[in-house]
Every structure is written in C-alpha cells, then in structure tokens.
Amino acid sequence: MGDGDAVEIDGGIMEGGGQILRVSTALSCLLRKPLRVKNIRAGRSQPGLRPQHLSGLEMVRHLCDGQLEGGKIGSTEITFIPGKIKGGTHVADTKTAGSVCLLMQVAMPCVLFADSPSELRLKGGTNAEMAPQIDYTVMVFKPIVEKFNLTLDCEIKRRGYYPKGGGEVIVRISPIKQLSTVNLTDRGTVTKIHGRAFVAGALPIKLAKDMSSAAVRCIRKEFRDLYVNIQAVQELENEAFGSGSGIIIVAETSTGCLLAGSSLGKRGKSSDKVGIEAAEMLLGNLRHGGAVDDYLQDQLIIFMALANGVSRVKTGPITLHTQTAIHFAEQLTKAKFTVTKSEDEESSKDAYIIECQGTGMLNANL
C-alpha cells in the first residue's frame, strides 16, 4: 500500500476509545488522506477493534472504494487509504448490540460530500449502553445538526437492545456543496419538556409508566409551572427485537435549543431509578446554561471543523470526548478551535464557549 504519507494517529491517548477511530476515519475519508491508527482502544478492558468499530470501518471503506489493512476483531492497528466518496446504499451490520448511532457518526459526515444521495442501512442496537439512543439521535442530534444546512431522514425499521441487537435504522442523506456555520450560544428559557418511556418484548407497560412518573416528579421540583409530558410506550412486537426498556426526556427552549437526559433499564435496576437518572441528567444539562447538552458537544465538532467560517457553541464543562474530538479534528484538518469560559451573567460558572474557524470544505463531487 502506498501509505508513506499516511497521517499517524495514536488511538490510545485522551479518551482512548472508539471515538478517535470514528473522527479520524471520517476525516481521512473526507480529506483523502491515508491514515494509520495504532494503539486502538488501548485503554479499554477489551482493547482493539470490536464488531461495531470494524463494521463502521468497513462501511467507510466501501463508501469511498478505499483500502483497509488490519481490519479484524481485536486488531490494535489499522491502515486506511481512502478513495472517492460515492452515494448509493451502504450497509453496516454489527451483528451485536453495537450502536447504530455510532455507525451513523462515522459514515454521515462522509456521505454529505458524496456525488449523489446515500442510504445508510445500519443494523445493531438502537437503544444501547455507552452510546446515544436512537431517540436522542432523532429528537436532539438531527434537528441541531441540520442547522449546518443539511437534511437527514432517519427511519427506525426495528429497535434492538442489549445483548442481541437486531435493530435496523435507515438514514437517507443528500449531498451538500458546503456546510454552513452555526451559532448556538443563546440558550433561552425552557418552554416545554417532553419524552418517551418505553418497554419492549416481555416487559410490562407498568415499568414504562413508573419510569415516566418518577421522572416527572423529579422535574416538577425544579420546573413547577411547566407541563411535562412523558409518554409511556409499549413498542410494537414487529418493530422491536428482544426485550428492553428506557427513557429519554427532551427540553425545548425559546431559542430552539434542545437538551436531553436519558437512561436505560437493566436487570436489578428499579424503574424509578431509571426515570430519576434521566431526569437528573436533563436537569444537570439545564443548570450549566449551555445551549447544547453534554452528549451533543463532541458530536458537533467534526461539523464545526468542516463548516465555512466561524461557529460558536455554548456548552457546560467540556467533556473528555469533546477535547478528544477537537484534538484529532485539528490534527487532521486546518480547523482552529478555541475554548473559553463563558463570561455572561446568566450562565453558571461552568459554561464555556467552543469557537471554531472551520475549513469550509467544498464538495468536489458535486
């Protein structure tokens, strides 16, 4: 492989997980820069590529006719040589409960710069631990990322849970010429809080109702006058594989910001605890005064790096995931990020502004 000029990435530093792989592979594909990543997931209990990372890499390799070396389960070093990004149908199947949302994170930035519309068929877990739930992706990530001047359509064919997976999501994306910048610095006031508590498979609807009422009680302590609507849902049998439960709660603000809290049920964890956990996560995200929540921070970095001009986002404390995304976005692109403490009065002492001078990447395929 002619990879003499490959960008070398240390996958073991900072957050040290799959995210380094997702950010650097997507940017390598977009910039057509060969990439070598070593020490992949060095800090994890099972280092190296897991099924979801490998299926994400394979999908990116496929969507740009690239070459991949070291692409096997457990591998701690890969070399990737990207080709030209093409539209069409791209399939990734983790064959586990590996998150479809994380598959989407690696492929979506790439196909925005394809030559024609794309359909990503993503199979695995839709509501899995250690990853955004698909409901978060649809209710929070999608409307906010569309502010960069793109549109996505996300169809949940079937939900899948730990440990079996078996879920499927279809994401349709049209290519764009260039990403616009965003300015997400004015949180505004909370105007409504809504959400869904779900059970699937063999679990009784009572669990969802208990999660919902525990969450509502918790939120009411801080937002007495706001109508809080968290629906309890039993997923339809043909639209879910296996058993699972969980909750997502979203706050909408007067300026169009969306912040969330979520939690998943598991054996031995009471429904009340699941509901309260999600409610407290939401309230924590609302207290710091940021315009995005702690889980959206790092997901926006790659788009800020590629956008045409200066983007600004007000956040709570900067997460390690976000610091990591910034580090690798700067290493691979010419984007320049600065993080400063937010000085305005109404935000708490924990608010920060992430500013990025984006590279204004143009779609050469259009």
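The preceding data block contains the structure.
Since the model is a prediction, treat every value here as computed from it, not as a measurement.

Here we come to the pattern of salt bridges. Summed over the entire model, instances satisfying the criterion amount to 25 salt bridges. For Lys84, the salt bridge identified is with Asp115, shortest N-O distance 3.5 Å. Taken as a pair, Lys84 in the loop between strand E4 (78-81) and strand E5 (88-93) and Asp115 in the loop between helix H3 (100-111) and strand E6 (118-124) lie far apart in primary sequence, 31 residues in all. For Asp115, a relative accessible area of 30% gives the class partly exposed. In this structure, Glu235 engages Arg159 in a salt bridge whose closest nitrogen and oxygen atoms are separated by 3.3 Å. Within this pair, whereas Glu235 is found in the loop between strand E11 (228-234) and strand E12 (240-241), its partner Arg159 is found in strand E7 (residues 152-160), the two being separated by 76 residues in sequence. For the pair formed by Glu235 and Arg159, the shared burial category is buried. When salt bridges that share partners are traced, they join Glu119, Arg121, Asp153, Glu155, Lys157, Glu168 and Arg172 into one network.

Let's shift gears to the pairing of strand E15 (residues 310-315). Both strand E9 (residues 183-184) and E15 contribute to a ladder of 2 bridges, which runs parallel. Across the sheet, the residue bridging to Leu184 is Val313, located in E15. The pairing of E15 with strand E17 (residues 352-357) spans 6 bridges and is antiparallel. When the sheet's bridge partners are listed, Val313 is paired in E17 with Ile354.

The residue after Tyr162, namely Pro163, is reached through a cis peptide bond having omega 5°. With respect to the helices and strands, Pro163 occurs in the loop between E7 and strand E8 (167-173). Phi is positive for Arg32, which is not a glycine, with a value near 55°. Looking at the secondary structure, you find Arg32 in the loop between helix H1 (18-31) and strand E2 (35-38). A positive phi angle, near 60°, is found at Met130, a position not held by glycine. Along the polypeptide, Met130 turns up in the loop between E6 and helix H4 (134-145).

Conventions and cut-offs
Residues numbered from 1 in each chain as written. Predicted model: local features only at pLDDT ≥ 70, side-chain atom pairs only at ≥ 80, totals over all residues. Heavy atoms only, no water. Salt bridge = Lys/Arg side-chain N within 4 Å of Asp/Glu carboxyl O. Helix = DSSP H or I, 4+ residues; strand = E, 2+ residues; numbered from the N terminus. Buried < 20%, exposed > 50% of the residue type's maximum accessible area, 1.4 Å probe, protein only. Pairing = 2+ DSSP bridges.

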